[in-house]
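Chains, contacts and geometry: an overview
Given next are the chains, with one letter for each unit.
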Amino acid sequence: MSRSVLSAALGAVLAAGLAALPGTAVAAPAAPAAPAAPAASVAGYLPTAGSAYAGSAAEAADNQAFFQAVMASAKAKHAANPWLLTVTVTYDTGNAPSFTGQISQAAQIWNGSVHNVQLQESNGQGDFSYYEGNDPRGSYASTDGHGHGYVFLDYQQNQQYSSLRVTAHETGHVLGLPDHYSGPCSELMSGGGPGPSCTNPYPDGSESGQVDALWANGAE
C-alpha cells in the first residue's frame, strides 16, 4: 500500500459513526502530473514481492516519517488551541476531484471507528493532501519530511481494486498504521495482499485500537 508514518500521540474524544457505501471504480480522466516523491518515502498499495510480502524496515521507517509529519502539523494547531480535547487532522481534496466521494467515505469510516482523532476536510491547505493521476508505483502515501504529507491515488489501481478500500487504507497510514500485506481481508492494512476480490474498507478492532493508542495522550 503506501509509505506513511508512526510516532507520538495526541488528544481525545471524537466519534461519529457514519456507515460508508462500497466504493466504485473510477474512470480515468486526464491525469495531472504526479507530485514528486523521494524514492525513500514511497511504498505502493500492493506488496512488491507477492501477496506473502510482509513489508520491510524501510517501509516501516517511511510510514513512521509520514505519521510524524502529519502529527507535527496537528501539534502546532493544538499548541495554538490547547483547550481543544479532540485532535483534528485536516485534509484537502482539491487535487483529487475524481475521488472526493471515496475520500469523504473513508474519513467517515475512520471517524466512526476511532475516538481520539478526527479527520476533517479543509477549505484550503490541510495537514495532508490527496492527489490523483497515473503512476507505475500505484497508490501510496508520502511525506516531504518537513511537516507535510500527501496520499496519491492511482487511476488504474483504483479500477482494479476497491477504490474505497484503497483510499481508506492509505488514510490509515496518515493515522499511523503500517502495512501488513500478509494479513487477511478483514485487516484494512493488508492492502492489496488478499487480492482484488477483497473490498473491505473498514479497520478491524486491533487497527482501530492502535490508532486510538497513538493519538491518546495529547500533544506532548
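Scroll up a little and you will see the structure.
This write-up is about the structure you can find in this document. Sequence positions are assigned chain by chain, starting from 1 and proceeding in written order. Under the rules for a predicted model, residues below a pLDDT of 70 receive no local features and side-chain atom pairs below 80 are neither given nor counted, while totals for whole chains, interfaces and linings still include all residues. The basis for every side-chain value is the complete set of heavy atoms in the structure, and neither hydrogens nor water enter the calculation.

**A closer look at the side chain of Ser162**
Along the chain, Ser162 falls in the loop between α3 (155-160) and α4 (163-174). When a residue's accessible area, from a 1.4 Å probe over protein chains only, is under 20% of the maximum for its type it is buried; when over 50% it is exposed; and in between it is partly exposed. By relative accessible area, which is 10% here, Ser162 ends up buried. Residues are treated as being in contact if the distance between any of their heavy atoms lies within 4.5 Å. Beyond its immediate stretch of four places on either side in the chain, Ser162 contacts Cys198 and Thr199. Helical segments are the DSSP runs of H or I of at least four residues, strand segments are the runs of E of at least two, and each set is numbered from the N terminus.

**A short note on the state of the cysteines**
When two cysteine sulfur atoms lie within 2.5 Å, the pair is treated as a disulfide. A full pass over the atoms with the stated rule returns one disulfide. In this model, Cys185 is linked to Cys198 through a disulfide, with the two sulfur atoms separated by 2.0 Å. Looking down the S-S bond of the Cys185 and Cys198 bridge, the torsion is 90 degrees, so its handedness is right-handed. Remark: Cys198 occurs in the loop between α4 and α5 (205-214) and Cys185 occurs in the loop between α4 and α5; sequence separation between them is 13 residues.

**A look at the packing of aromatic side chains**
Only the six-membered ring of Trp is used, alongside the rings of Phe and Tyr, when aromatic pairs are assigned; centres must lie within 6.5 Å, and planes under 30 degrees apart are stacked while those over 60 apart are edge-to-face, with the rest tilted. Scanning all chains against the criterion turns up eight aromatic pairs. Relative to Tyr161, the ring of Tyr45 lies with its centre 5.5 Å away and its plane at 70 degrees, an arrangement referred to as edge-to-face. Of this pair, Tyr45 sits in the segment before α1 (57-80) while Tyr161 sits in the loop between α3 and α4; the two residues are 116 residues apart in sequence, bridging distant segments of the chain. With centroids separated by 5.5 Å and ring planes inclined at 75 degrees, the aromatic side chains of Tyr131 and Tyr150 adopt a geometry described as edge-to-face. Highlighted residues: Tyr131 in strand β3 (residues 128-133) and Tyr150 in strand β5 (residues 149-154), separated in sequence by 19 residues. Tyr150 gets classed as buried once you look at its relative accessible area, which sits at 10%. Every member of this aromatic cluster is reached through a ring pair, and the members are Tyr131, Tyr140, Tyr150 and Phe152.

**What about the pairing of strand β2 (residues 117-121)?**
Alignment of strand β1 (residues 87-95) against β2, held across five bridges, turns out to be parallel. The partner of Val89 across the bridge, within β2, is Leu119. Here, the term right-handed applies to a crossover whose path from the first strand over the helix to the second runs clockwise when the strands point away from the viewer. Taken together, β1, helix α2 (residues 100-113) and β2 constitute a β-α-β crossover, and its handedness is right-handed. In this scheme, strands are said to pair when DSSP sees at least two bridges between them.

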